[in-house]
Amino acid sequence: YREGLIIGSGCEAGELFRAMVNGSPYNEILEIANFYDFLEIQPMGNNEYLVRDKHLSSHKDLEDINKNIVKLGEKIGKPVVATGDVHFLDPQDEYFRRILMNGQGFNDADFQPPLYLKTTAEMLEDFKYLGEEIAKEVVIEAPRRISTSIESIEPVPQGLSTPEIPGAEDQIREMAIDNALKIYGNPLPEIVGSRLEKELKSIIEHGFAVLYLIAHKLVQKSLTDGYLVGSRGSVGSSFVAYLTNITEVNPLSPHYICSQCKHSDFHIDKARYGVGIDLPDKGCPNCGTAYRRDGFDIPFEVFLGFDGDKVPDIDLNFSGEYQPKAHKYTEELFGEGHVFRAGTIGTIAEKTAFGFVKKYLDERSKVVSNAEIKRLVAGCTGVKRTTGQHPGGIMVVPKGREIYEFTPIQYPADAKDSGVITTHFDYNFIHDNLVKLDILGHDDPTMIRMLEDITGIDSTQISLDDEGTMAIFSGTAILGIKPRELGSQVGTFGIPEFGTRFVRQMLVDTKPTTFSELIRISGLSHGTDVWLNNAQGLIRDGVAQLSEVISTRDDIMIYLIYKGLEPTMAFQIMENVRRGRGLTDEFENAMVAKNVPNWFISSCKKIKYMFPKAHASAYVIMAFRIAYFKVHYPSAFYAAYFTIKATDFDADFALGSEDIIREKIRELESKGNSGTAKERSLLIILEVILEMYLRNIFFLPVDLYRSHPIKFLIAEDGIRPPLNTLQGVGANAALSIEQARTEGEFISLEDLRERTKITKTAVEILRKHGALDGIPETSQLSLF
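In short, a report on the structure.

**Considering the overall build of the chain**
In terms of helices and strands, the chain carries 33 helices and 14 strands. Dimensions along the principal axes, computed over C-alpha positions, put the chain at roughly 95 × 95 × 60 Å. Considering the chain as a whole, with its 784 residues, one finds that 51% of them fall into the buried category. Long-range pairs, those at least 24 residues apart, make up 70% of the contacts in the chain with a sequence separation of at least 6. Total accessible area on the chain is roughly 37800 Å²; 50% of this is exposed by carbon and sulfur atoms. Between the centroid of the 85 positive side chains of the chain and the centroid of its 110 negative side chains there is a distance of 3 Å.

**Re helix 31 (residues 731-741)**
Among the residues making up helix 31, those that are buried are A733, A734, S736, I737, A740 and R741. All buried residues of helix 31 project into a common sector of 160° when viewed along the axis, lining one side. For helix 31, exposure combined with an orientation more than 90 degrees from the buried face picks out N732 and Q739. On its buried face, helix 31 sits against helix 32 (749-756) and helix 33 (760-768).

**Regarding the sheet that holds strand 6 (residues 292-294)**
Spatial ordering of the open sheet is given by 5-4-6, a layout of 3 strands whose pairing is antiparallel. The two strands at the open ends of the sheet, each matched to only one other strand, are strand 5 (264-265) and strand 6. Inspection of the sheet shows strand 4 (residues 255-257) paired to strand 5 by 2 bridges, in the antiparallel sense. What sits directly across from Y256, in strand 5, is D265.

**Here we look at the pattern of salt bridges**
Counting across every chain of the model gives 45 salt bridges. A salt bridge links E197 to R173; the shortest N-O distance between them is 3.5 Å. With a gap of 24 residues between them, E197 in helix 9 (residues 190-205) and R173 in helix 8 (residues 168-184) connect regions that are remote in the sequence. E197 sits in the partly exposed class, given a relative accessible area of 38%. A salt bridge links E575 to R579; its shortest N-O distance comes to 2.9 Å. Residue classification places E575 among the buried residues on the basis of a relative accessible area of 11%. Judged by relative accessible area, which is 41%, R579 ranks as partly exposed.

**Here we look at the nonpolar core**
Among the nonpolar cores identified, the biggest contains 125 residues, and F498, F515, I573, M591, F642, I689 and L766 are the most heavily contacted of them. Beyond its immediate stretch of four places on either side in the chain, I689 contacts F642, F649, A654, I661 and F699. By size, the runner-up hydrophobic cluster in this structure holds 49 residues, among which are A209, F239, A241 and L316.

**Points about the environment of L130**
Relative to the helices and strands, L130 is located in the loop between helix 6 (120-126) and helix 7 (132-149). With 67 residues separating them along the chain, L130 and E63 place their C-alpha atoms 8.5 Å apart. Once you skip the residues sitting within four places of it in the chain, L130 turns out to touch I41, K67, V70, A135 and V138.

**Structural notes on the packing of aromatic side chains**
When we look at a pair of aromatic rings, we describe it by the centre distance and by the angle of the planes. Applying the stated criterion to the full structure yields 34 aromatic pairs. Ring centres 6.4 Å apart and planes at 25° place the aromatic pair Y638 and F642 in the stacked group. You can see Y638 and its partner F642 sitting in helix 27 (residues 634-644), 4 residues apart, about one turn around the helix. Take F642: its relative accessible area is 0%, and that puts it in the buried class. Members of the aromatic cluster, joined through ring pairs, are F637, Y638, Y641, F642, F649, Y693, F698, F699 and F712. Geometry around Y227 places R449 over its ring, the cationic atom sitting 4.5 Å from the centre.

**Digging into the packing of helix 8 against helix 9**
Pairs of packed helices are described in terms of their axes, by the angle between the two and the distance that separates them. The geometry of helix 8 relative to helix 9 is characterised by a closest axis approach of 11 Å and an angle of 170° between their N-to-C directions. In this view, helix 8 runs roughly antiparallel relative to helix 9, as classed from their interaxial angle. Relative to helix 9, the crossing made by helix 8 is right-handed. Counted together, E169, I172, R173, A176, I177, A180 and Y184 of helix 8 and V192, L196, E197, L200 and I204 of helix 9 form the full contact between these two elements. By residue class, the composition of the contact of helix 8 with helix 9 is 9 nonpolar, no polar and 3 charged.

**Structural notes on the environment of E588**
Among the structural elements, E588 can be located in helix 24 (residues 585-593). For E588, a relative accessible area of 22% corresponds to the partly exposed category. Between the C-alpha atom of E588 and that of N598, which follows or precedes it by 10 residues, the distance is 9.9 Å. With residues near it in sequence (within four places) discarded, E588 still touches I601 and K605. A distance of 3.1 Å separates the side chain of E588 from the side chain of K605, its partner in a polar contact.

**What about the pairing of strand 12 (residues 435-442)?**
In the case of a regular strand, side chains alternate between the two sheet surfaces. Buried residues dominate strand 12, accounting for 7 of its 8 residues. Alignment of strand 7 (residues 315-319) against strand 12, held across 5 bridges, turns out to be parallel. Bridge pairing in strand 12 places L316 opposite I439.

**Some thoughts on the pairing of strand 7**
Among the 5 residues that make up strand 7, 5 are buried, leaving the element largely enclosed by the rest of the structure. Sheet topology places strand 3 (residues 230-232) next to strand 7; 3 bridges connect them, and they run antiparallel. Note on strand 7: the bridge partner recorded for R232 is D315.

**A word on helix 16 (residues 443-455)**
The end-to-end C-alpha distance of helix 16 is 18 Å, a good match for the 18 Å that 13 residues give at a rise of 1.5 Å each. Taken as a whole, helix 16 has its buried residues at D444, P445, T446, M447, I448, M450, L451 and E452. In the core, the buried residues of helix 16 are packed alongside strand 7, strand 12, helix 26 (613-632) and helix 27. Two residues or fewer after helix 16 comes G456, characterised by a positive phi angle close to 75°.

**Looking at the side chain of H390**
Mapped onto the elements of the fold, H390 is located in strand 9 (residues 384-396). Separated by 2.7 Å, the side chain of H390 and the backbone nitrogen of G393 make a polar contact. If sequence neighbours within four positions are ignored, H390 has contacts with R341, A342, T344, Y427, K436, D438 and L440.

Cut-offs and rules
- Residues numbered from 1 in each chain as written.
- Predicted model: local features only at pLDDT ≥ 70, side-chain atom pairs only at ≥ 80, totals over all residues.
- Heavy atoms only, no water.
- Helix = DSSP H or I, 4+ residues; strand = E, 2+ residues; numbered from the N terminus.
- Buried < 20%, exposed > 50% of the residue type's maximum accessible area, 1.4 Å probe, protein only.
- Contact = heavy atoms within 4.5 Å.
- Areas by Shrake-Rupley, 256 points an atom, 1.4 Å probe, with all protein chains shown as cover.
- Lys, Arg positive; Asp, Glu negative; His and termini not counted.
- Charge placed at Lys NZ, Arg CZ, Asp CG, Glu CD.
- Arc of directions from axis to C-beta.
- Pairing = 2+ DSSP bridges.
- Salt bridge = Lys/Arg side-chain N within 4 Å of Asp/Glu carboxyl O.
- Core = buried A, V, L, I, M, F, W, Y, C linked by side-chain atoms within 4.5 Å.
- Phe/Tyr/Trp six-rings, centres within 6.5 Å; stacked < 30°, edge-to-face > 60°.
- Lys NZ or Arg CZ within 6 Å of the ring centre and 35° of its normal.
- Axes fitted to C-alpha atoms, helices over the stretch in contact; angles between N-to-C directions.
- Parallel < 35°, antiparallel > 145°, perpendicular 65-115°, else oblique.
- Left-handed = near helix turned anticlockwise from the far one by under 90°.
- Nonpolar A, V, L, I, M, F, W, Y, C, P; charged D, E, K, R; others polar.
- Polar contact = N/O pair within 3.5 Å; in protein donor to acceptor, adjacent residues only side chain to side chain.
- Expected span 1.5 Å × (residues − 1).

This is how it looks when you write it as structure tokens:
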């Protein structure tokens, strides 16, 4: 593989310099030097540690080694080049490297070599001991000759290299058109047909059809195997994605559609109805069938850009249980050697950098100002720390191409026993070169599968305007609980997206009664500087209503076009604002000219990040379905919820009385933000348990024979926790007990330990919770 490469001899760690330091025989040194295309020498300061550590006796020895390398180059006809081994840009930046090396345990962190990017004049000064002519040769002439011999190359091929599936374009077109005709009839309504053709044109012209087909196949495989898939990001902005079953979010404007005769009505007051779900019940004027209501009003541009050429990012939430199967299926689709996990580069976080800075200063008893600490922290933040893998990112290499054309590959964090191979380049840097599939594991599809299994109800048939379900987002009465008893004015404990204290307060502030408002709240809660110090104040002060504030990135573009701004500029403003770049003078002047309110302009300037409406819509659909079960099938909801959250479940507290639960909640609440992550997770669990008790549903004791190893089970008189919820009885021990009890009852504790191989600690925990009552200690019979 040497062809096309130019190989240099490297720094002091290279074998040539090492051989010189170690005094190797001349013929060995000659053999080593002949391997390289050019030989390297470096400034004295770079290798000064060799003198300090007594590997060499003086600085003259360092000079002599460099002189000998120059002579060696002359003898064998190889250029000698002065290189800097540059680790940072400016001389003063060495202080950051001190701190980082000290934080990683290096004893010589304070002896930093001058590994900064030196000027030509500085390099000539460093090598003046070679003589003016040779110094100029190694610093200027030799590097120039090497540089001019290198062709202009692209290390990574430009453009997107998509995997090929023969006929993908035709399959996507036919599937989308067929499903559109099934839903909307033939001929298609003009608004449907024009949106469909616009999208298909962009998708097919820019080579994205294969991405849609891959996503379709993955979702279809999961649905066939009985697991719903949730969409993430802006894929729900695509009508074609909806028609090919990649997302449940229909991005058309709110409308009525008859499932029988296909009659539709798109003449809707969009200012009043944000999504079709909120439309009032209505019968089809043609055949009398109750209209179906649909449409989330999301522009396609949010997904593929204004010109339809942005590489689509199709992110899918699979059940955590199903995620490994989905990953395996991608290998079946594309073949081994063409599917790799997306690599990541882990950098030093601000908190970690602060710890490094404090450690360095404290160990040296240095006192500096807060401003200096902030400067040092900023200089260390973002430096590469390790490599890792994306939780669900899969990079796909087309057939006939090799991964090495795009990136080296490696084990994450060099862990050779991980069994996973990732791209060496961070996936963000090759995102536009290779297709990345986001096959993420998520609790919501897993929980919905459990709820369907327990109740026999198909979650996709749940009405998304169910009044009882909607009621928990603004009160607790539907649960039969008073807010004072529960400690919350809303009943959304345990509901994804709406169960945290932060979002519950948003619900209290906004009192949502429509599905559209729930989507807006989801968008507001996921943005940065979108709710706090922004929309919250506008709503509280009566400046704007929930339906008017900016909640998702789409709101900006839709509103500005409605106000009369040119669509391209409206799109550009949306892109600027959602990335936290604010407004240019040109944008602001254009908005003022179209009478955009000052509060709207001010709100745009504060925003740092915004959620797409499609993402919020998909999340709320899942959350609402789970909320439906909470309201109408509470035992099933709590059994499924606690099964999902089993790792956070602490039976020592959770199986206590209502008073014990309340006392522990008060204790954990008093800690505020100082509580550990484990304590915060336990607080959430206890709040849900308290709510369950207030609805007169209680836990039964853990039972050696009747408790499932890992799942909460519904019984006639309550919910029975699994064996693994007892601290000290892990999943493996629980499964071992389940296996052993199928072979017959345990005649003694001795028999239990022998057959299950569980630890003494696990036995004591089971005894403490009454699961071993009535079982004798040993198997020996007493005759008297």
